[in-house]
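Listed here are the chains, written in short residue letters.
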Protein chains: 2
Amino acid sequence: MENQCIPESQLLAQQEKLQNNCPGITATLDLIKGKWKPLLMFYLSSGSRRFGELHRLLPNATQHMVATQLRELEHDGLVERRVYAEVPPRVEYSLTPRGESVRGLLEHIYHWSEQQNLPA
Amino acid sequence: MENQCIPESQLLAQQEKLQNNCPGITATLDLIKGKWKPLLMFYLSSGSRRFGELHRLLPNATQHMVATQLRELEHDGLVERRVYAEVPPRVEYSLTPRGESVRGLLEHIYHWSEQQNLPA
DNA sequence: CGGGATCCTCTGGGATACTG
DNA sequence: CAGTATCCCAGAGGATCCCG
């Protein structure tokens, strides 16, 4: 991650702090940067769901992408994957506490977008 | 933009609304998705700055990228570009009201990241 | 000084097919 | 059902050179 910031002594303390910590912002944005991640998290916000269920909710996403995005969310600790040893196999996905927290962030973004005249 | 959502009647009204409007979230994220955009906006939050100044503040970004990102921010109405007919040429960049608003969003993200144990 | 023009690379996303 | 394995492509990002 090479996009560090250069602190400028002329800036206010708060802003200096912000700038020295911008990696945090980048890292946070990276968590939700995936094309289907926000939607997945919204669908999971109402409770745990199965893989096929999520796939059906995202008809424009391929199986491959649903799986990949879920893997990344899981790797980042936002989503929990629970496998049940049954036949046929069953896998349930749900938001971790941290995932819920990120979803709160998304909700905040949503409310902002609502106040703007964004292209539908 | 094909990543639409399928509304699910079982969901609460608020969540249905969220899901039917997720394009707004995507659109908002697109505004700040660029690699250097958050940093540029933070540097502009303390007042207008010149091109070279911004470039110096982002040593890892090429001139080309600084210019490109600024063009996009300008196109999205987040940054204003003012050219002064002088020699040598001078160009000042500043946040528009809408840009300030987006920066508020970034600040919110920043505060979230501060509460987390994100990898520095 | 503040860019634009070109070319190149790399990766996020997608299509398709196969499997425990 | 819930994936993995391959192959492929567009577009974001970068290097380099040139210009008014």
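One can find the structure itself at the top, above this paragraph.
These numbers come from a predicted model, not from an experiment.

### Quick word on the protein's contact with DNA strand C
Move 1: The local shell around DNA strand C holds 20 residues, among which Lys35(A), Gly52(B), Arg71(B), Arg81(B) and Tyr93(B) are the closest.
Move 2: For DNA strand C, the fraction of atoms within 4 Å of the protein that belong to sugar or phosphate moieties is 71%.
Move 3: Between DNA strand C and Arg50(B) there is a distance of 3.1 Å, counted from a phosphate oxygen to a side-chain nitrogen or oxygen.
Move 4: Only α5 (63–75) of chain A together with α4 (51–57), α5 (63–75) and β3 (90–95) of chain B provide two or more residues apiece to the surface near DNA strand C.
Move 5: Counting residues per element, the surface near DNA strand C draws most heavily on α5(B), at four residues.
Move 6: Classifying every residue of the surface near DNA strand C by side-chain character gives nine nonpolar, seven polar and four charged.

### Some thoughts on the pattern of salt bridges
It is possible for side chains of opposite charge to pair when their charged atoms get near one another.
Residue and element names in this part refer to chain A.
Move 1: A complete count under the given rule lists 14 salt bridges over all chains for this structure.
Move 2: Residue Glu-80 pairs with Arg-82 through a salt bridge whose shortest N-O separation is 3.0 Å.
Move 3: On the accessibility criterion, Glu-80 (35% relative accessible area) is partly exposed.
Move 4: When salt bridges with common partners are traced through the structure, they connect Glu-86, Arg-90 and Glu-92 into a single cluster.

### Side note on the protein's contact with DNA strand D
Move 1: For DNA strand D, the set of nearby residues contains 20 residues, the closest of which are Arg50(A), Gln63(A), Arg81(A), Tyr93(A) and Lys35(B).
Move 2: The separation between a phosphate oxygen of DNA strand D and a polar main-chain atom of Gly52(A) is 3.0 Å.
Move 3: At 2.6 Å, a side-chain N or O of Tyr93(A) approaches a phosphate oxygen of DNA strand D.
Move 4: Elements that contribute at least two residues to the surface near DNA strand D include exactly α4 (51–57), α5 and β3 (90–95) of chain A together with α5 of chain B.
Move 5: For the surface near DNA strand D, the per-class residue count stands at eight nonpolar, seven polar and five charged.

### Thoughts on the side chain of Arg103(B)
Move 1: Mapped onto the elements, Arg103(B) comes out in helix α6 (residues 97–115).
Move 2: Polar contacts involving the side chain of Arg103(B) include one to the side chain of Glu107(B), which spans 2.6 Å.

### Some points on the environment of Leu73(B)
Residues and elements named next belong to chain B.
Move 1: Here Leu-73 is to be found in helix α5.
Move 2: Sequence separation of Leu-73 and Leu-40 is 33 residues, and the distance between their C-alpha atoms is 9.4 Å.
Move 3: Those residues within four positions of Leu-73 in sequence are excluded, and the remaining contacts are Leu-31, Lys-37, Leu-40, Met-41, Leu-78 and Val-79.

Rules behind the numbers
Residues numbered from 1 in each chain as written. Chains lettered and ligands numbered in written order. Predicted model: local features only at pLDDT ≥ 70, side-chain atom pairs only at ≥ 80, totals over all residues. Heavy atoms only, no water. Near = heavy atom within 4 Å. Polar contact = N/O pair within 3.5 Å; in protein donor to acceptor, adjacent residues only side chain to side chain. Helix = DSSP H or I, 4+ residues; strand = E, 2+ residues; numbered from the N terminus. Nonpolar A, V, L, I, M, F, W, Y, C, P; charged D, E, K, R; others polar. Salt bridge = Lys/Arg side-chain N within 4 Å of Asp/Glu carboxyl O. Buried < 20%, exposed > 50% of the residue type's maximum accessible area, 1.4 Å probe, protein only. Contact = heavy atoms within 4.5 Å.

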